[in-house]
Each structure stands twice: as C-alpha cells, then as structure tokens.
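# Reading the structure
Here's the letter readout for the chains.
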Amino acid sequence: MTTWKEQLAFAPLEAADRGEEVGRRLRHAIELGVLEDGSQLPSESYLASAMGVSTLTLRAALAELRGMGLVETRRGKGGGSFVKANTGDIARMQRQSLGSYSLEDLRDLREYRAFLAGCAAAASANQSHRLSMGRLDHASVEIRDCVQAADAIRADSKFHIELAASSGSVRLTRQEVALQAEVGPLIWVDPAGHKDAAAEDHARIVEAIRAGDAELARALAEEHVRRDMNLVIDERMELDGTATDSPHGSASGDDALAAIESLAAMFYGTAAASMREVEQAVRASIGSGVSRDRADSDIYGAARRAVVIGVPFLYGTGFVADQSYFGESWITWCYTPAGPESPQRLYIDMDLYDFATAPWRPEDPGDDNPIHTSHAYVDASGTNENIITFSKRVIIAGDYVGALGADVRVSQLQTAFDPLLRPLPPNTCIVDQHGTVIATNTGRFVGGTIPAAGHVVRRPLPGVPWWLCTGTPDEDQTPQPLDGQRPGEQPGALR
C-alpha cells in the first residue's frame, strides 16, 4: 500500500464482523470521494489479502455495493470493478435520519468533530514544510462550483478527509471518514446557503497551515466545524418545533415565562420528593442496625419506586454511604439507561470512584435549604451522561452517614423546556451557575456557555441556581468575559 487512500480504504480490518465491515469501509470510501468516480479497484485477490478477509467475504461485499449502485463490474479485456459514485439517494436517506439524533448526540458529534479537525489542522501546520499543498488547495475551493447537495457533500467531505490525511495519521483519517459518512449529508440540505462561506473557511485553514501556524489552524478548523454542526442542530430543533404553534416572539411570551418558572420548580420538587422517599429507607435501615445487605436491599427498593414515580423528570436516584461512618463507601442507586420503563441498578467500582471530590457531593450548607444543586457535568465515573444532580446530606444521631442524590439529564431539561422557550426571542437560554447552557431555543447555544456580559438580562428561576437569559448577542457579537470580575464569581458566570 503506497498512498494514504489505499491505507485508508484497504487496510486490514479490525472489527469482529468482517463481512459487514468490509462493505462499510468501501462504501464510505466511495461515498466520500476517497475512491473517486470511475477509478478501478484493485483485483479481488489483492483486496482480500490487503484487508485480511477471504475472497468469498470480499465478493459478497462487492455484490452489495453493486446492488447499491456504487460499483460496477466490467467483463473482458480491461475489465474489473469500477467505482460508480451515486450519493444523491444516500444524502436523502441521511437527511431523513436526522430525527434519530438527539440534541445531545449532535452536541457530542459537534465537539468530537471539532476536536479531530483541530488536531488534524494543527498537525498539518507543524509539518507544512514537507506537505504538498496542491491537493489541499484544490479541495478547499472545490465546493464553490457545487449546485446539488450531493456534490456539496462530496466536496466538503473531500476537504476534511484531505485535511485529516495531511496530518499523516491513517487512524485519525479513518475516524474523519466515519464521521463524514455519518453527519456530512446532514449539513448540506441547502448548499447555496453557505457554500461560499465554507470555501472561505477552508481557504483560511489552508493558509494557516501553509504559514505553519498550528494554533491558528486549529482554532479556524474547530470554529468551522462547530458552525457547520450548529446548522444541523438548528435543523434538528426545527423538527421538534413543527409540532408546536408557537413561533419566536409570539404573544404567549408572558405565559411561557410563568410556565418556565413552574417547570423549574417541578424539577426541583420531583428531585426533593425522590430523595425524601430514599431518605426514609436510609433512616429506617441504618437506624435499626440491620445488616449491610438488608439495608442495601431496602434502600434500593425505595430508589426504584422513587425513579418510577419521578419519570420523566428524573434519570436516577439513590444513596452513597460515607466511608467515615461505615469504614467503606458504597452506593445504592437506581437509574433508567434504557428508558423510563426499564429502571435498573447502577454498578460502580467504588475503588475508582472518588466521592469526596464528586461534582455533586453536598457540602454542609449552613442555611435553611439543605438541597444542593450541582452544575452540569459529565458523570464519567457513573452513568456516563451529561447530568445535573440534586443532593442532600443525611445526618443520623448527629453523625454524617452519606448523601442522597437525584440525577436529571441535561437532555431531559432541553426536551422539557423546549416548547416553553420557543415563544421567547431567539437566543434565549437557561444556564446553570457556571453559565453552561442547559436549555435553549437556538441551536448554536446547545452545550455551550454564556460568558459574562452586562447587557444579558438574567432572570432567576425558583428553587434552583438557574437563570433564564435573554438579550444574548448573535454569533458575530459574542461578548468576551468582562474585566474586573467580581470576587467569588465562577469564570463565565452571568451578572
């Protein structure tokens, strides 16, 4: 294998299901222009050997590609298998699949794509002195001449794949191909709307690479990808909005504000009620001196009942025993990873879970409100979800025995608040105490933060450290953090 394209398309397969993976690998390479229209594939024996599969497996994959119209086989002299690119139907099917993505999925894809593109651009800039810039130059502006969505998909994907390939990493390039195959078609529903802007972004990235400016290349690539993915998020939000009759700025704005306050109080109240249910079991079990196993069973039963009652507001609830009281830390938690109809136990390796530094661990509040509300965080040691946790300390006979908690997924907040935010002006957001957006009516703010800005109007929501923010600037006017930040404020907090 002498070129990055051959390494990418024909490298040995790693997946266990090689029969399915060989077809997927070749299909992505064709759809995205890695294997160009009209080019001849290597012989079946070469491909089978290079990809580490049997000839029968390879032939089955080629037959599937022929059925999709992506490969044609010619007989006789000069015959073989040839690429026959046909992305139109595939683009249509991908756009129709947009509804299968949640906003949280798309937010994660946005950040992952931005990370990969930034890494590729920076790596390319660091070795710009030995890069041949011709192909990257050509790929950067090719999109200007595209009229059809299918052509725009291929041109844009080709640039990003060439950018990844310029980094010199086949593994990074393969990840970019997979991402382009997954989300590339979703960006280009209307190529006329932003193809010139995309070409300008591409050209700036290439110029930074040519100049050897790794940091600028990284920043430009990340910004470009996030802007593209925000278009997809906007479109996904419009799918949700088709079922509502409340356009931005409608006369129902005052009602929406009251409903938002009521809903915030409902999330808080549901979390508090679930923790009361679990707390009763904790006090009854620990206070009566039953065995650890019996206490665990009783507490889990209460947590399961609380989750079932708290759906759809809650994702999970339970109790974490404190090491200082029991001699060891243990957790009893029920959550709903497969949906509200399927509550199940959460298992955590407590040897690896540092409860003392957990973002949701409640400190002794020293006031009349014993319930602590965490900021939004990724629960990497537990549920692996982006969540907010309500929590409360449990004191028995003057001793701290552990903490109660109730989880709410950020995606649940977005879904619940979405129809209430729609009547309000564009760029309206609900943020947590760190300025992280937990619900919004504008796609580009999903998963972002609102930096400190004096002209952003902030309205506190009852019972929770959340604020409804209006007057947030448009994208080209995003404010920077103000100098002279007040002592004790979190970076990026809103005034």
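Residues numbered from 1 in each chain as written. Predicted model: local features only at pLDDT ≥ 70, side-chain atom pairs only at ≥ 80, totals over all residues. Heavy atoms only, no water.

Taking an unreviewed UniProt entry as the reference, the protein chain is identified by name as Putative GntR family transcriptional regulator belonging to Arthrobacter globiformis.

### Topic: the packing of aromatic side chains
Per the counting criterion, the structure on display carries 10 aromatic pairs. Judged by centre distance (5.0 Å) and plane angle (90°), the rings of F267 and F313 are edge-to-face. Of this pair, F267 sits in helix α12 (residues 253-288) while F313 sits in the loop between α13 (292-310) and β3 (316-321), and the two are 46 residues apart along the sequence. Comparing F267 with F313 shows no difference in burial state: the two are buried. (Phe/Tyr/Trp six-rings, centres within 6.5 Å; stacked < 30°, edge-to-face > 60°. Helix = DSSP H or I, 4+ residues; strand = E, 2+ residues; numbered from the N terminus. Buried < 20%, exposed > 50% of the residue type's maximum accessible area, 1.4 Å probe, protein only.)

### Examining the sheet that holds strand β10 (residues 429-431)
Strand pairs in the sheet, formed through backbone hydrogen bonds, run parallel or antiparallel to each other. The strand order β11-β10-β13-β12 describes an open sheet built from four strands, whose pairing is antiparallel. The open sheet is flanked by β11 (437-440) and β12 (457-460), the only strands paired with a single partner. Taken over all neighbouring pairs, the strand axes of this sheet differ in orientation by 25° on average, direction set aside. Both β10 and β11 contribute to a ladder of three bridges, which runs antiparallel. Its bridge partner being in β11, C429 is matched across the sheet by T440. Across the face of the sheet, helix α15 (residues 410-421) comes into contact with β10, β11 and β13 (467-470) while running at roughly 35° to β11. (Pairing = 2+ DSSP bridges. Axes fitted to C-alpha atoms, helices over the stretch in contact; angles between N-to-C directions. Contact = heavy atoms within 4.5 Å.)

### Description of the pattern of salt bridges
Opposite charge on two side chains allows them to pair when their charged atoms are near. The final tally for this structure, using the stated rule, is 25 salt bridges. Close ionic contact of R459 with E261 constitutes a salt bridge, the shortest N to O distance being 3.0 Å. Of this pair, R459 sits in strand β12 while E261 sits in helix α12, and the two are 198 residues apart along the sequence. What makes R459 partly exposed here is its relative accessible area of 35%. Using a relative accessible area of 23% as the deciding quantity, one classes E261 as partly exposed. Residue E328 pairs with R292 through a salt bridge whose shortest N-O separation is 2.9 Å. Of this pair, E328 sits in the loop between α14 (323-326) and β4 (330-335) while R292 sits in helix α13, and the two are 36 residues apart along the sequence. Salt bridges sharing common partners tie together R110, E111, E222 and R226. (Salt bridge = Lys/Arg side-chain N within 4 Å of Asp/Glu carboxyl O.)

### What to know about the packing of helix α6 (residues 103-126) against helix α10 (residues 195-210)
One way to put it is that α6 packs onto α10 with a least axis distance of 7 Å and a crossing angle of 35°. The segment α6 lies against α10, with A121, S124 and A125 engaging I205, A208 and I209.

### Looking at the environment of F267
By relative accessible area, which is 2% here, F267 ends up buried. As for F267 and L413, which are separated by 146 residues in sequence, their C-alpha atoms are 8.8 Å apart. Non-local contacts of F267, meaning those with residues more than four positions away in its chain, are made with F313, F390, V408, Q412, L413, A416, F417 and W466.

### Thoughts on unusual backbone geometry
Most peptide bonds adopt trans geometry, and most residues besides glycine take a negative phi value. Residue P312 is reached from V311 by a cis peptide bond, and omega for that bond is 10°. Checked against the element boundaries, P312 lands in the loop between α13 and β3. Here the phi dihedral of N384 falls at roughly 60°; this positive angle occurs in a residue that is not glycine. With respect to the helices and strands, the residue N384 is situated in the loop between β7 (377-378) and β8 (386-396). For N427, which is not glycine, the phi torsion reads 75° and is therefore positive. Tracing the backbone through its elements, the reader meets N427 in the loop between α15 and β10. Residue classification places N427 among the buried residues on the basis of a relative accessible area of 6%.

### Re α13
In this model, α13 (19 residues) spans 26 Å end to end at C-alpha, consistent with the 27 Å of a helix rising 1.5 Å per residue. Turning to α13, its buried residues number three or more, namely A295, D296, I299, Y300, A302, A303, A306, V307 and G310. For α13, the arc enclosing every buried residue in end-on projection is 165°, short of the 170-degree limit, so these residues lie on one face. Along α13, exposed side chains directed more than 90 degrees from the buried face belong to D293 and I309. (Expected span 1.5 Å × (residues − 1). Arc of directions from axis to C-beta.)

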